[in-house]
Amino acid sequence: RVSGFSEHVEDVKMAFDRDGDKADISATIYADINIIAGALKLYFRDLPIPLITYDAYAKCIEAAKLSKTDERLEMIHEALSSLPPAHYETLRYLMTHLKKVTLCEKDNFMNTENLGIVFGPTLMRPPEENTLTTLNDMR
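Rules used in this analysis
- Residues numbered from 1 in each chain as written.
- Predicted model: local features only at pLDDT ≥ 70, side-chain atom pairs only at ≥ 80, totals over all residues.
- Heavy atoms only, no water.
- Phe/Tyr/Trp six-rings, centres within 6.5 Å; stacked < 30°, edge-to-face > 60°.
- Salt bridge = Lys/Arg side-chain N within 4 Å of Asp/Glu carboxyl O.
- Helix = DSSP H or I, 4+ residues; strand = E, 2+ residues; numbered from the N terminus.
- Buried < 20%, exposed > 50% of the residue type's maximum accessible area, 1.4 Å probe, protein only.
- Arc of directions from axis to C-beta.
- Contact = heavy atoms within 4.5 Å.
- Polar contact = N/O pair within 3.5 Å; in protein donor to acceptor, adjacent residues only side chain to side chain.
- Axes fitted to C-alpha atoms, helices over the stretch in contact; angles between N-to-C directions.
- Parallel < 35°, antiparallel > 145°, perpendicular 65-115°, else oblique.
- Left-handed = near helix turned anticlockwise from the far one by under 90°.
- Core = buried A, V, L, I, M, F, W, Y, C linked by side-chain atoms within 4.5 Å.
- Nonpolar A, V, L, I, M, F, W, Y, C, P; charged D, E, K, R; others polar.
- Expected span 1.5 Å × (residues − 1).

Turning to the packing of aromatic side chains, a few remarks are in order. On inspection of all chains with the given rule, the structure shows one aromatic pair. When the centroid spacing of 5.4 Å and the interplanar angle of 65° are considered together, the rings of Y43 and F44 count as edge-to-face.

Here the focus is the pattern of salt bridges. For the structure on display, the rule yields three salt bridges. Among the salt bridges present, the one from K13 reaches D17, with a minimum N-O distance of 3.4 Å. Taken together, the residues K13 and D17, both in helix α1 (residues 6-19) and four residues apart, mark about one turn of the helix. Its relative accessible area of 30% is what places K13 among the partly exposed residues. The exposure class assigned to D17 is exposed, which follows from its relative accessible area of 57%. Residue R92 pairs with E89 through a salt bridge whose shortest N-O separation is 2.9 Å. Linking R92 with E89, this pair stays in helix α5 (residues 85-102), spanning three residues, or about one helical turn.

Taken as a whole, helix α7 (residues 112-123) has its buried residues at N114, L115, V118, F119, T122 and L123. The arc enclosing the buried residues of α7, seen along the axis, measures out at 135°, which places them on a common side. Exposed and facing more than 90 degrees away from the buried side of α7 are T112, E113 and P121. Contact partners of the buried residues in α7: α2 (33-46) and α5. The N-terminus of α7 is capped by N111, whose side-chain oxygen sits 3.1 Å from the backbone nitrogen of E113.

So, about the packing of α5 against α7. For the pair α5 and α7, the least separation of the axes is 11 Å and the interaxial angle reads 155°. Accordingly, the angle class assigned to the pair α5 and α7 is roughly antiparallel. α5 and α7 meet at a crossing whose hand is right-handed. Residues L91, L94, M95, L98, V101 and T102 of α5 touch α7, and the partners they reach there are T112, L115, F119 and L123.

Before going further, it helps to examine the side chain of R125. Its location among the elements puts R125 in the loop between α7 and α8 (131-138). For R125, the side chain forms a polar contact with the main-chain oxygen of L47, separated by 2.7 Å. Each residue touching R125, except ones within four places of it in the same chain, is listed here: F44, R45, L47, P48, I49, P50, Y54 and Y57.

As a further point, take the nonpolar core. Generally speaking, soluble globular proteins have nonpolar side chains that are buried together. With 20 residues, the main nonpolar core has I52 and L123 as its most contacted residues. Not counting residues up to four positions away in its chain, the partners in contact with I52 are Y57, C60, L80, L83, L91, L123 and M124.

A few words now on the packing of helix α3 (residues 54-64) against helix α4 (residues 69-81). Where α3 meets α4, the axes come as close as 8 Å, and the angle between the chain directions of the two elements is 175°. Here α3 is positioned roughly antiparallel relative to α4, judged by the angle of their axes. Contacts between α3 and α4 involve A56, K59, C60, E62, A63 and A64 from the first element and R72, M75, I76, A79 and L80 from the second. Considered class by class, the residues forming the contact of α3 with α4 number eight nonpolar, no polar and three charged.

Before going further, it helps to examine α5. Compared with an ideal rise of 1.5 Å per residue, which puts 18 residues at 26 Å, α5 spans 26 Å between its outermost C-alpha atoms and is within 8% of the ideal. For α5, the full list of buried residues reads H87, L91, L94, L98, V101 and T102. All buried residues of α5 project into a common sector of 85° when viewed along the axis, lining one side. Exposed positions of α5 whose direction lies more than 90 degrees from the buried face are P85, Y93, K99 and K100. Where α5 is buried, its residues contact α2, α4, α6 (105-108) and α7.

This is the structure:
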């Protein structure tokens, strides 16, 4: 989990703002993959409504506290199924990509726990920006 240099992350963000899907983020331009990952996290963090919406956040936190795995998974599935279609499809696409990242764990050291630490707070957050609430929810 290495942060990309912030000025390069901003460059990537500006390139997408300016050029959209034609922005060149190839390895020849940005050799450090952490810059691209940083830009992606910045995009998700800056969304006015998180990818996992506030309504789904509460349900996911409640589900995480369930001790029975099958009940927990069912409740998470219900919460994510309630997402707006654009949120759901974006999350599904991102999760497919992050699964591929975990397949290279021996090289990149990014297992599911590390990815959760890195991406979790950018994908879901409580409706109120209260650090104490967030910390309590993490327990």
